[in-house]
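Chain and residue survey
The lines below spell out each chain.
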Amino acid sequence: MNDADGATDVTTLTRELVSIPSHEDETAAGDAIEEWLREHTDGDVTRDGAGNVIARKGPSSGNGGDAPSLALIGHHDVVPPAPSQHEGEEYVVELRDGRLYGRGSADMKGAVAASMLAFRDADPACELVFASFVGEEIGGTGARAAIDEGFAPDYAIVAEGSTNYSKPGVTDVVVAHKGRRGSTIVARGSAVHASEPQSGVNAIYRASDAIDVVRELEFPEVDVFGENLHGTVAVTGIDGGTAWNVIPDECEITVDERTVPGVRAELERVEEIEGVEWTVDQDLPPMGCDDEAFADTVLQAAKDAQDGDPELVTKPHATDAGWLAQAGTTCVVCGASEPGEAHTKSESVGVDVLERCYRIYRNAAESV
């Protein structure tokens, strides 16, 4: 099987995957991926209890050898489609002007298809792993379940979007991305009639003091192989008070923090204010590649797969690479989606970019 055959197949396979609804139940999409891998590859294909599809081939370090393992990682769940993106029980998929339109085309069934084909066609010197996870859009539940069950490749290329990051017309290699920590600050006081405010403790005033602390926090930042990644911290909601004539006894603040590898904003400082508590509601980890040689290997694979000049870049969004990196896998992100495509009612992906990603993944699999 040559590159041209794999590149031709990626359009057909992407259309098949995108047409399968997977915003509420990923089972049918997982079934299709599993069946295709069993029919078209010589990999050892498994389906775990969470619904993740995992396939392996090539020399295994687990069998007494010293070959590393490289995983091509995707997910087959999607966010709910817009009304124009489905007809009855099926998603609408259209090919226009060299682009495939449909929910999940960019995020990220197109890259899953490219990864499946690269897994089929590559002749790796390493153990090559393909994995498509469930639950990425709801916090990485599939990736976390796989990790809990011992999924631990040495290296991973997570096929989320990295196209047109450094410049138009290239697919870059992401060496770091932000995480997200969502938290709640609750300020408590004592309620009294508003005509006698001095008799109580105004929870909104305590909350305002906490907001001042958040506003003064320094944004975290880190350098990964010369690429700078800036975090952010912002108050995104406030809720307090029950009536215009009552001093409120509770006020709640929501905070969105975009985290970077190894550094967190000191949000715990708000608890130095009397009556204020801080709790973390969600913590999606950031990713920072810890092996420059691996990043350079994937970058060279990307250069060999396209006419443009890809670069090492950073990414603002959390991905399953964060969970994998936290568990000890060396990760980069490289995929077809372009900024502004994912989760939109006009979501689409370039066929030429899918073909490019197929070549990148195959090149990398044969280089690690």
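A few points on the structure. (Residues numbered from 1 in each chain as written. Predicted model: local features only at pLDDT ≥ 70, side-chain atom pairs only at ≥ 80, totals over all residues. Heavy atoms only, no water.)

Turning our eyes to something else, we now look at the overall build of the protein. If you tally the helices and strands in the protein, you get eight helices and 20 strands. Structurally, the protein occupies a C-alpha span of about 80 × 50 × 40 Å along its principal axes. Classification of the 368 residues of the protein by burial places 54% in the buried group. Counted over contacts in the protein with a minimum sequence separation of 6, partners at least 24 positions apart contribute 79%. For the protein, the computed accessible surface area is about 15,700 Å², with 44% contributed by carbon and sulfur atoms. Considering the protein, the positive charge centre built from 27 side chains and the negative charge centre built from 69 side chains are found 3 Å apart. (Helix = DSSP H or I, 4+ residues; strand = E, 2+ residues; numbered from the N terminus. Buried < 20%, exposed > 50% of the residue type's maximum accessible area, 1.4 Å probe, protein only. Contact = heavy atoms within 4.5 Å. Areas by Shrake-Rupley, 256 points an atom, 1.4 Å probe, with all protein chains shown as cover. Lys, Arg positive; Asp, Glu negative; His and termini not counted. Charge placed at Lys NZ, Arg CZ, Asp CG, Glu CD.)

Our focus in this paragraph is the side chain of arginine 181. In this fold, arginine 181 is placed in strand β11 (residues 179-188). Since its relative accessible area comes to 7%, arginine 181 is described here as buried. There is a polar contact of 2.7 Å between the side chain of arginine 181 and the side chain of glutamate 257. At a separation of 3.1 Å, a polar atom in the side chain of arginine 181 contacts the main-chain carbonyl oxygen of alanine 265. (Polar contact = N/O pair within 3.5 Å; in protein donor to acceptor, adjacent residues only side chain to side chain.)

To continue, consider the sheet that holds strand β20 (residues 348-350). Pairing within the open sheet is antiparallel, and its three strands lie in the order β6-β7-β20. On the outer flanks of this sheet lie β6 (94-96) and β20, each paired with one strand and no other. Pairs of neighbouring strands in the sheet enclose a mean axial angle of 25 degrees, with direction left out of account. Bridge analysis of strand β7 (residues 99-101) against β20 gives three bridges, and the strand direction is antiparallel. Each bridged residue has a counterpart across the sheet, and for arginine 99 the counterpart in β20 is glycine 350. (Pairing = 2+ DSSP bridges. Axes fitted to C-alpha atoms, helices over the stretch in contact; angles between N-to-C directions.)

Burial of the side chains of strand β18 (residues 312-315) extends over both faces: Leu312 and Thr314 are buried on one face and Val313 and Lys315 on the other. Where strand β10 (residues 173-177) and β18 come together, four bridges link them in parallel fashion. For valine 174, the partnering residue across the bridge sits in β18 and is valine 313.

A grouping of Glu218, Glu221, Asp223, Glu266, Glu268, Glu271 and Glu272 is seen on the molecular surface, where their side chains present a negatively charged patch. Relative to the helices and strands, aspartate 223 resides in strand β12 (residues 221-224). (Patch = residues over 30% accessible without salt bridge, like charges linked within 9 Å, V, L, I, M, F, W, Y side chains within 5 Å. Salt bridge = Lys/Arg side-chain N within 4 Å of Asp/Glu carboxyl O.)

It is worth spelling out helix α2 (residues 27-40) at this point. Given 3.6 residues to a turn, an α-helix orients residues that are three or four positions apart in the same direction. Given a rise of 1.5 Å per residue, 14 residues ought to cover 20 Å, and the 20 Å separating the end C-alpha atoms of α2 matches this to within 8%. The complete set of buried residues in α2 reads Ala29, Gly30, Ile33, Glu34, Trp36 and Leu37. Projection of α2 onto a plane perpendicular to its axis shows the buried side chains occupying an angular sector of 160 degrees, all on one side. Residues Glu35 and Glu39 are exposed on α2 and point more than 90 degrees away from its buried face. (Expected span 1.5 Å × (residues − 1). Arc of directions from axis to C-beta.)

Within the open sheet, the four strands sit side by side as β14-β15-β11-β16. Their pairing is antiparallel. Two strands bound the open sheet, and with one partner strand each, they are β14 (232-240) and β16 (276-284). Between one strand axis and the next, the sheet turns by 20 degrees as a mean value, whatever way the strands run. Pairing geometry for β11 and β16, over eight bridges, is antiparallel. When the sheet's bridge partners are listed, valine 186 is paired in β16 with glutamate 277.

Another aspect to go through is the side chain of arginine 103. With respect to the element layout, arginine 103 can be found in the loop between β7 and α3 (105-121). Of the polar contacts made by the side chain of arginine 103, one reaches the side chain of glutamine 85; its length is 3.0 Å. For arginine 103, the residues in contact, after removing those within four places along its chain, are Val18, Val78, Val79, Pro80, Pro81, Ala82, Gln85, Tyr91, His343, Thr344 and Glu347.

If you walk through the whole model with that rule in mind, you get 19 salt bridges. One salt bridge in this structure joins glutamate 338 and arginine 99, with 3.1 Å as the shortest N-O distance. Within this pair, whereas glutamate 338 is found in the loop between β19 (330-333) and β20, its partner arginine 99 is found in strand β7, the two being separated by 239 residues in sequence. By relative accessible area, which is 14% here, glutamate 338 ends up buried.

For the structure on display, the rule yields zero disulfides. With no disulfide partner, cysteine 126 has as its closest neighbouring cysteine sulfur the one in cysteine 331, 15 Å distant. The thiol of cysteine 289 is unpaired, and the distance to the nearest cysteine sulfur, on cysteine 331, comes to 7.8 Å. Assessed through its relative accessible area of 6%, cysteine 289 is described here as buried. (Disulfide = S-S within 2.5 Å.)

Moving on, we get to the environment of glutamate 90. Of note, glutamate 90 is situated in strand β5 (residues 90-91). Judged by relative accessible area, which is 49%, glutamate 90 ranks as partly exposed. Separated by 68 residues in the primary sequence, glutamate 90 and serine 22 have C-alpha atoms spaced 9.9 Å apart.

Right, let's get into helix α5 (residues 203-216). Its 14 residues place the ends of α5 20 Å apart at the C-alpha level, agreeing with the 20 Å of an ideal helix rising 1.5 Å per residue. For α5, every residue scored as buried is listed here: Ala203, Arg206, Ala207, Ala210, Ile211, Val213 and Val214. Buried residues in α5, looked at end-on, bunch into an arc of 155 degrees, giving them a common side. The exposed set on the far side of α5, more than 90 degrees from its buried face, consists of Tyr205, Arg215 and Glu216. Lining the buried residues of α5 we find β11, β14, β15 (250-259) and β16.

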